Amino acid sequence: MMRLPVLNGNPTDFDYDQVNQMVDAFLESGNTYFDTSYIYHKGKSEEATRKALVERHPRDSFAVATKFPALLMPPEEKAEEIFQGQLDSLGVEYIDYYLLHNIQTIIYDGIDGTGGIAKTAHLFEHAKKWKEDGKIAHLGMSFHSSAKLLDRVLTEHPEIEFVQISVNPIDWDSEVVQGRDCYDVIRKHSRKVVIMQAVKGGGLAKLPDEAEALLRSVHPDWSIASWSLRFCLEKEDVIAVLSGMSTMEQVIDNTRTTGEAVPLTDEEQEVLEKAMRIYRESAPIPQSQIDQYKGLEYHGVPVTAILQAYSICQIQPDPSFSDDNNYLKNNFAEAAHVDFRKGLAKQRVIAADGTDITEMVEKAVAWLAENSF
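First, a word on what this report is: a plain description of the structure on this page. (Residues numbered from 1 in each chain as written. Predicted model: local features only at pLDDT ≥ 70, side-chain atom pairs only at ≥ 80, totals over all residues. Heavy atoms only, no water.)

Points about helix H11 (residues 224-233)
Reasoning step 1: In terms of residue burial, H11 counts as a mostly covered element, since nine of its 10 residues are buried.
Reasoning step 2: Taken residue by residue, H11 has Ile-224, Ala-225, Ser-226, Trp-227, Ser-228, Leu-229, Arg-230, Phe-231 and Cys-232 as its buried positions.
Reasoning step 3: In this structure, the buried side of H11 is in contact with strand S6 (192-196), helix H10 (209-218), strand S7 (238-241), helix H12 (248-260) and helix H13 (266-281). (Buried < 20%, exposed > 50% of the residue type's maximum accessible area, 1.4 Å probe, protein only. Helix = DSSP H or I, 4+ residues; strand = E, 2+ residues; numbered from the N terminus. Contact = heavy atoms within 4.5 Å.)

Written as structure tokens, this is what we have:
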């Protein structure tokens, strides 16, 4: 419920004729999980979820997930008011899956490492009490940081039952998103997974012509987006695979894919990996060039992670709303306790062959800083 159809380009003016039809079709296909948030659609997604879903279908026919807006850094005295407001907006007495939204280094530890808003506002404790009061069925968090931090958070908070992470064929091996490593940490702790960014915000629904031709040579009847969904659907211990759908056509394609999906064969996996290599090579700084800078760091952060995040963002439908740009601030906070959005001291970066790549790195960092939140 994040990329719903709207009227006149207004993110809060929902096209309920379409939204209602999409909700109905999704339920009729046998799917039940609806994901919203306090902040989606400028704070109106929960209300839209109530009108299109809760008021039109029996409560036992769906599961609703929403999130506490930790990323807005609210003071602790606002926590109870925010949560009650979410129950009211949704029109429910309890929330099936409730998440602390965007747990990451700065929100959990603070830039200086002494404790972020999650600790100072006791957000985990509030959420735990809401569950004890029967207002939450399952408690989790969405996560946007390193696997190292995730391991520590899950160790410190056994009350967390599931974690929502970014998983798709690009983020799986991303140096900054660390999809595979985060997935492995969650399973190590015997928690469940909710997958977000399954099609990378639409970025994996349209690939370079060469990559699309390769995939269609194997399965001409599969949509390009369905390859990424199938990659996610075969993962174990997964509650739901999320895809922000904006049209009925997307609902039909996604539900058809989930209804027929079986694990990818070795051949299909190999073809998908090749298509993703082509995709990475289409970026402004191709992966083959980035690989030459392994071992280099900029203020404690691997240069390869910086350049990879920057380049992948540039080939997304909306570069400023990719997920990679909101991970890197945590790398700098974790490595050097600095906020890279406030500027970094000059530091030269010299490649192994003697080439000075400082300007390229600084350009990437500046863009990522400007487009992070």
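What about the sheet that holds strand S1 (residues 33-35)?
Reasoning step 1: Read from one edge to the other, the open sheet built from seven strands follows the order S1-S2-S3-S4-S5-S6-S7, with strand pairing classed as parallel. Taken across any chain shown, the strands that pair with only one partner, and hence form the sheet edges, are S1 and S7. Between one strand axis and the next, the sheet turns through 25 degrees on average, direction left out of account.
Reasoning step 2: With five bridges connecting them, strand S5 (residues 162-166) and S6 associate as parallel partners. Note on S6: the bridge partner recorded for Val-163 is Val-193.
Reasoning step 3: Against the sheet, helix H7 (residues 123-132) engages strand S2 (63-68), strand S3 (95-103) and strand S4 (136-143), with an angle of about 155 degrees to S4. (Pairing = 2+ DSSP bridges. Axes fitted to C-alpha atoms, helices over the stretch in contact; angles between N-to-C directions.)

Some words on a negative patch on the surface
Reasoning step 1: A grouping of Glu-76, Glu-77, Glu-80 and Glu-125 is seen on the molecular surface, where their side chains present a negatively charged patch.
Reasoning step 2: Looking at the element boundaries, Glu-76 is found in the loop between S2 and helix H4 (79-90). (Patch = residues over 30% accessible without salt bridge, like charges linked within 9 Å, V, L, I, M, F, W, Y side chains within 5 Å. Areas by Shrake-Rupley, 256 points an atom, 1.4 Å probe, with all protein chains shown as cover. Salt bridge = Lys/Arg side-chain N within 4 Å of Asp/Glu carboxyl O. Lys, Arg positive; Asp, Glu negative; His and termini not counted. Charge placed at Lys NZ, Arg CZ, Asp CG, Glu CD.)

Brief notes about the pattern of salt bridges
Reasoning step 1: A full pass over the atoms with the stated rule returns 28 salt bridges.
Reasoning step 2: Between Arg-152 and Asp-109 there is a salt bridge, and its shortest N-O distance comes to 2.4 Å. Of this pair, Arg-152 sits in helix H8 (residues 147-156) while Asp-109 is found in helix H5 (residues 105-109), placing the two residues 43 residues apart along the sequence.
Reasoning step 3: Among the ionic pairs, Arg-180 bridges to Asp-173, the shortest N-O distance being 2.7 Å.
Reasoning step 4: By relative accessible area, which is 35% here, Arg-180 ends up partly exposed.

Quick word on the side chain of His-189
Reasoning step 1: Among the structural elements, His-189 can be located in the loop between helix H9 (179-188) and S6.
Reasoning step 2: Its relative accessible area of 17% is what places His-189 among the buried residues.
Reasoning step 3: Discounting chain neighbours no more than four positions away, the residues touching His-189 are Asp-151, Leu-154 and Thr-155.

Some thoughts on the packing of aromatic side chains
Given two aromatic rings, one states the distance between the centres and the angle between the planes to describe the pair.
Reasoning step 1: Taken as a whole and assessed by the stated rule, the structure comprises 14 aromatic pairs.
Reasoning step 2: The interplanar angle of 85 degrees and the centroid separation of 5.4 Å between the aromatic rings of Tyr-97 and Phe-162 together place this pair among those described as edge-to-face. Highlighted residues: Tyr-97 in strand S3 and Phe-162 in strand S5, separated in sequence by 65 residues.
Reasoning step 3: One aromatic cluster is present, built from ring pairs that chain together Phe-68, Phe-83, Tyr-98 and Trp-130.
Reasoning step 4: Lying over the aromatic face of Tyr-94, Arg-59 brings its terminal NZ or CZ to 4.2 Å of the ring centre.
Reasoning step 5: Here the guanidinium or amino end of Lys-235 rests over the ring plane of Phe-231, the centre of that ring lying 3.6 Å away. (Phe/Tyr/Trp six-rings, centres within 6.5 Å; stacked < 30°, edge-to-face > 60°. Lys NZ or Arg CZ within 6 Å of the ring centre and 35° of its normal.)

Comments concerning the environment of Cys-313
Reasoning step 1: Positionally, Cys-313 belongs in helix H15 (residues 303-314).
Reasoning step 2: Given the relative accessible area of 0%, Cys-313 is considered buried.
Reasoning step 3: C-alpha separation for the pair Cys-313 and Trp-172, spaced 141 residues apart in sequence, amounts to 15 Å.
Reasoning step 4: Excluding residues that lie within four positions of it along the chain, Cys-313 makes contacts with Pro-319, Ser-322, Asp-324, Asn-325, Trp-367 and Leu-368.

All we've got here are geometric facts, nothing functional implied.
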